[in-house]
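Residue-level structural notes
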Amino acid sequence: MTDPNAITARTVLLPGVPPDRSAAAVADVLGRLGAVRAAVRALNAITPDVLTAVDVEVAAAIADLLEVGLDDLFAQGWQRYRRLRDAATTSLTGTKQFVPLDSTRITANQHPSVELSLDGVLVGRVDLDLTAEYDLHGVVAVVESGALTALRFGECDVTVTFAVRPVGTVLQRRRTFSVGALAPMREPVPLVGSARARPA
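Residues numbered from 1 in each chain as written. Predicted model: local features only at pLDDT ≥ 70, side-chain atom pairs only at ≥ 80, totals over all residues. Heavy atoms only, no water.

Here 4 strands make up an open sheet; going across it, the order is β1-β5-β6-β9 and the pairing antiparallel. The open sheet is flanked by β1 (97–100) and β9 (189–190), the only strands paired with a single partner. Bridge count for strand β6 (residues 147–152) against β9 is 2 bridges, and the pairing is antiparallel. If you follow A147 over to β9, its bridge partner there is P190. Sitting on the sheet, helix α6 (residues 82–91) touches β1 and β5 (140–144), and the angle it makes with β1 is about 170 degrees. (Pairing = 2+ DSSP bridges. Helix = DSSP H or I, 4+ residues; strand = E, 2+ residues; numbered from the N terminus. Contact = heavy atoms within 4.5 Å. Axes fitted to C-alpha atoms, helices over the stretch in contact; angles between N-to-C directions.)

If you want it as structure tokens, here you go:
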């Protein structure tokens with residue numbers, strides 16, 4: 001279960017929309033764009049009532065996907081950032097590394113899909129793209145024992161984009177958070193294969 005205080009993709013994309021209303025908000029956007037029908041051509045032959053039901057089901061699945069924590073996506077992005085990986089390798093010698101990350105962009109992507117069935121028959125799949133871009137300002141990363149252990153100072157501009165293929169972008173918004181609120185670093189994030197847990 002998602003921490004009720006966590007900053008999620010929904011927090012950015014659907015500001016002010018509570019979790020129990022996010023599926024309806026997503027369904028409204030999908031319906032206005034005809035995104036599900038465009039994504040699965042086999043649905044062109046079904047009745048409008050059934051298509052509406054499919055929109056609702058897809059929207060519910062997407063609403064669940066939007067509950068992903070931005071700190072989790074952030075951690076995925078860190079592992080691909082070369083300067084941090086290099087510092088992590090150096091830190092395996094027992095040194096603590098401080099890596100300035102001013103004007104740095106970290107990008108994380110997920111490519112989930114929703115399978116659609118009618119009367120037990122698979123009729124298609126809706127392919128989705130969820131991207132989070134983190135633009136860091138005045139942030140310093142602390143790296144120890146091959147892992148990111150702390151983020152100090154600074155702010156982070158986060159742009160979250162949700163797309164339905166082949167329609168394209170369905171929702172996109174940008175918000176600014178303090179790095180401490182966005183990524184509270186409850187646990188170290190391993191950056192290299194031989195990273196060890198932080199000593200107690």
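This part covers unusual backbone geometry. With an omega of 0 degrees, the peptide bond running from R165 to P166 counts as cis. Its place among the elements puts P166 in the loop between β7 (155–164) and β8 (168–178). For S103, which is not glycine, the phi dihedral falls at a positive 55 degrees. Turning to its location among the elements, S103 is positioned in the loop between β1 and β2 (104–110). At M185, a position not held by glycine, the phi torsion is positive, near 55 degrees. Its location among the elements puts M185 in the loop between α7 (179–182) and β9. Overall, the relative accessible area of 16% leaves M185 in the buried class. (Buried < 20%, exposed > 50% of the residue type's maximum accessible area, 1.4 Å probe, protein only.)

Distances and angles like these do not, on their own, reveal function.
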